[in-house]
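Take a look at the letters that make up each chain.
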Amino acid sequence: MSRVYNFSAGPAVLPEEVLKEAADEMLDYKGCGMSVMEMSHRSKVFDEIIKDAEADIRKLMNIPDNYKVLFLQGGASQQFAAIPMNLMKNKKAGYIITGQWAKKAYQEAKMYGEAVELASSADETFSYIPDCSDLPITDDMDYVYICENNTIYGTKFKTLPNTKGKDLVADVSSCFLSEPVDVTKYGIIYGGVQKNVGPAGMVIVIIREDLIRDDVLQGTPTMLKYKTQADNDSLYNTPPCYDIYICGKVFKWLLKNGGLSAMKELNEKKAKILYDYLDSSKLFKGTVRKEDRSLMNVPFVTGNEELDAKFVKEATAAGFVNLKGHRTVGGMRASIYNAMPIEGVEKLVEFMRKFEGENA
Ligand SMILES: *Cc1c(COP(=O)(O)O)cnc(C)c1O
């Protein structure tokens, strides 16, 4: 067996320990003679798995009692519609456009009401986070929406926008569980789990209880009503059982390794190694305004497309894979999520130095 250093933006690297544990339990989960994939979601064994998972994420993120945790299908993109359908009482909301995922959410919301662009960084290819201290938020807006960490462009909100009292809704797919958060600052925090937490196919929605309502937009499918999911503890229909099980293991792995403060410290250390090198390199450079740099997704370029391609090819051969930048921006991107060990980043930088020496 040989494992590579996987810098994929998502689906992405998972803790090896978790994968091994899952492999050990594949045929016989804790003596019940079957895999978690094969058991009823109404069984006692699975009930314990989902309850444990919820308790552990609550502990990790310090989630207050007046917030529900929902484990849902449809990925993050399904929420682009679910959010306006459930929250647009006045049929109006503000969106901050910091990249493709925020833009997709904004465009989807337009199908259900008036989505207002409050700010955007499109003018400089989303390489920064706009000033959000005094946005044109109006009283009739139902919520303010952000994508907190921009997976494709490598930017992150270091301070949350001033929402002027409106509920903040945040897509945290690519920074989920990467650092401590103050849940009370949000109405909804949600993320697809395949970036930093688990296998693709599930989204976790953390929602303040008063936002779970019956008076949703007419035509909202039963499955997309938060109330349906909350009333049934994410078991209205068959949930993504195996995904919940793996995420639960990742939560335990995080708790065992010191929780989110320890993760933040480690993630800062990892990112610093890479950014420090990028700032000193004559060949490679980061594409994001320094103060807005993400700890999770690090895009960089040489400025020469042929050299970029050569780098990606040689890196792949050396066991550093999935470094090609997003198709819309080109260059390279190293995603260094929780499960990327610090050695992976150190060795990548070593490899980049060597490449720089050979191609300067
Ligand atoms: C990947 C990603 C999405 C889309 O996730 P799906 O689960 O594929 O729908 C949405 N938002 C962000 C920030 C992402 O990184």
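See the structure printed just above.
**Concerning the environment of P199**
Structurally, P199 is set in the loop between strand 9 (188–192) and strand 10 (203–208). Sequence separation of P199 and I246 is 47 residues, and the distance between their C-alpha atoms is 7.4 Å. When sequence neighbours within four positions are dropped, the list of residues in contact with P199 reads L14, V193, Q194, D243 and I246.

**Section: the packing of helix 8 (residues 305–317) against helix 9 (residues 342–359)**
The axes of two packed helices give the description: the angle between them and the distance between them. Relative orientation of the contacting elements helix 8 and helix 9 amounts to 130°, with a least axis distance of 11 Å. The angle between helix 8 and helix 9 falls in the class oblique. Note that helix 8 runs across helix 9; the crossing there is right-handed. Between helix 8, through L307, K310, F311, E314 and A315, and helix 9, the contact on the second element is made entirely by L348, F351, M352, F355, E358 and N359.

**Examining the pattern of salt bridges**
Summed over all chains, the structure comprises 29 salt bridges. For E54, the salt bridge identified is with R58, shortest N-O distance 2.9 Å. Placement of both E54 and R58 in helix 2 (residues 44–61) is noted, with a separation of 4 residues, approximately one turn of the helix. Given the relative accessible area of 19%, R58 is considered buried.

**Some words on the side chain of S281**
Inspection of the secondary structure puts S281 in the loop between helix 7 (259–280) and strand 11 (285–286). Take S281: its relative accessible area is 13%, and that puts it in the buried class. Side chain to side chain, S281 and E356 meet in a polar contact 2.8 Å long.

**A short note on unusual backbone geometry**
Note the cis peptide between G10 and P11, where omega equals -10°. Note that P11 resides in the loop between strand 1 (5–6) and helix 1 (16–24). The phi torsion at K30 lies on the positive side, around 45°, for a residue other than glycine. Relative to the assigned elements, K30 resides in the loop between helix 1 and helix 2. What makes K30 exposed here is its relative accessible area of 63%.

Conventions and cut-offs
- Residues numbered from 1 in each chain as written.
- Predicted model: local features only at pLDDT ≥ 70, side-chain atom pairs only at ≥ 80, totals over all residues.
- Heavy atoms only, no water.
- Helix = DSSP H or I, 4+ residues; strand = E, 2+ residues; numbered from the N terminus.
- Contact = heavy atoms within 4.5 Å.
- Axes fitted to C-alpha atoms, helices over the stretch in contact; angles between N-to-C directions.
- Parallel < 35°, antiparallel > 145°, perpendicular 65-115°, else oblique.
- Left-handed = near helix turned anticlockwise from the far one by under 90°.
- Salt bridge = Lys/Arg side-chain N within 4 Å of Asp/Glu carboxyl O.
- Buried < 20%, exposed > 50% of the residue type's maximum accessible area, 1.4 Å probe, protein only.
- Polar contact = N/O pair within 3.5 Å; in protein donor to acceptor, adjacent residues only side chain to side chain.

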